[in-house]
Amino acid sequence: MTASRADSLFLRACRGEATPRPPLWMMRQAGRYLPEYREIRQGVSFLELCKNPALAAEVTLQPIRRFGFDAAILFSDLLVPLEAMGLPVEFTEQGPTLPAPVRTPEDLARVHRFDPARETSFVLETISRLRPALGDTPLIGFAGAPFTVATYAIEGKTSKTFAETKKFFYRHPSEAHRLLATIGEATRAYLEAQLDAGADAVQLFDSWVGVVSAEDWAEFVFPPTAALIAALRARGAPVIYFGNGATTILDRIGKLGADVYGIDWRLPLDEARARLATTATRPFAVQGNLDPAVLLAPAEIIAARAADVVRRGGKRGHVFNLGHGITPETPLASVEALVRAVHAA
Ligand code: CP3
């Protein structure tokens, strides 16, 4: 890594260092709110876009060019490695679906680890193309955290109640442990390959972890997630853990040992940091946490709320982000107002 990239606002904040202003990027920053993204999507399906390195690299760069964000995130999807694990995925108008999800212990035979260079070469090639194109802008690789990936493997879609997942956990606990461990090991190799290809940090999205009880979290979710984070940290790059809906279990989340914790919008950032600190096993930074819906508000409100997030984030170890992904209906002028507010901070 070049010295100036290592010294970027983003990587400094990830290391917990002080920065003159927080670095800024947004979850789902490459996506449908951008006209240039929608234009590319007219010609290709979503999965084709993910699997075409030239186009995936192009859409990764779009928000960097337009807004000058302080980090890029690989354009792909959480469901992409599921295919490589043996579970085919389709994207429809209603979102992702798996035609053959895991519902019985026998189904586990279809789920396996994979060689990232062979099964997901397009992801690694996208990263290789991005590295020179990005210059000193850091690149974030990503994957789903084991629990969230397991919900897709079991439910076969985005769920409301996660009843199938919980049913599988309670009726087949040893198979559930095996499924989560296999996903965790596959994800480890997948993210290590992303780091080797040129990613500067990795983020684990635990989008649905907010649905588990404290007991189930301790039994099923914590062990494979902590093991994955420890293995990735050993590579020396920052590991960001984003647990959506996890503000009620932040005291437990702190035990995961991540470098950076992504915080959703439900709790002020200073309170979130204090709760994590009660059990954190090492110094950590925080990322977040403007409510994405604030980007639907008038510019003065965006500026005021962003300034409040900056103040609560503190002078060191804060990466500015939304509390979850930007929504497709967000006006470009709102993102411009946010960038101005954070840059002025
Ligand atoms: O952040 C980025 O800009 C990088 C790209 C990225 C996408 N998905 C692109 C995408 C990332 C990091 C993801 C992660 C992802 N995918 C998550 C975790 C983040 C989160 O929101 O909690 C999840 C749960 C998924 C699964 C997924 N992908 C769903 C449920 C959907 C359908 C709902 C929707 O927003 O359309 C997708 C589709 C998807 N992933 C789109 C994009 C740009 C829209 C696809 C399109 O162009 O039609």
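Residues numbered from 1 in each chain as written. Predicted model: local features only at pLDDT ≥ 70, side-chain atom pairs only at ≥ 80, totals over all residues. Heavy atoms only, no water.

### Considerations on the site of the ligand
Arg28, Arg32, Tyr37, Ser207 and His324 are the nearest of the 24 residues found near the ligand. At a separation of 3.1 Å, an oxygen atom of the ligand approaches a polar backbone atom of Gln29. Backbone polar atom of Ala30 to an oxygen atom of the ligand: 3.0 Å apart, as the coordinates give it. Burial of the ligand by the surrounding chains reaches 87%, relative to a free accessible area of 870 Å². Contributing elements (two or more residues each) for the shell around the ligand: helix 3 (35-43) and strand 3 (95-97). Along the lines of polarity and charge, the residues of the shell around the ligand split into 14 nonpolar, 6 polar and 4 charged. (Near = heavy atom within 4 Å. Polar contact = N/O pair within 3.5 Å; in protein donor to acceptor, adjacent residues only side chain to side chain. Areas by Shrake-Rupley, 256 points an atom, 1.4 Å probe, with all protein chains shown as cover. Helix = DSSP H or I, 4+ residues; strand = E, 2+ residues; numbered from the N terminus. Nonpolar A, V, L, I, M, F, W, Y, C, P; charged D, E, K, R; others polar.)

### As for the pairing of strand 5 (residues 201-206)
The element strand 5 is extensively covered by neighbouring structure, given that 6 of its 6 residues are classed as buried. With burial as the criterion, each face of strand 5 is covered, one bearing Ala201, Gln203 and Phe205 and the other bearing Val202, Leu204 and Asp206. Bridging between strand 4 (residues 139-144) and strand 5 involves 5 bridges; their strand directions are parallel. Pairing of Gly141 across the sheet is with Val202, part of strand 5. (Buried < 20%, exposed > 50% of the residue type's maximum accessible area, 1.4 Å probe, protein only. Pairing = 2+ DSSP bridges.)

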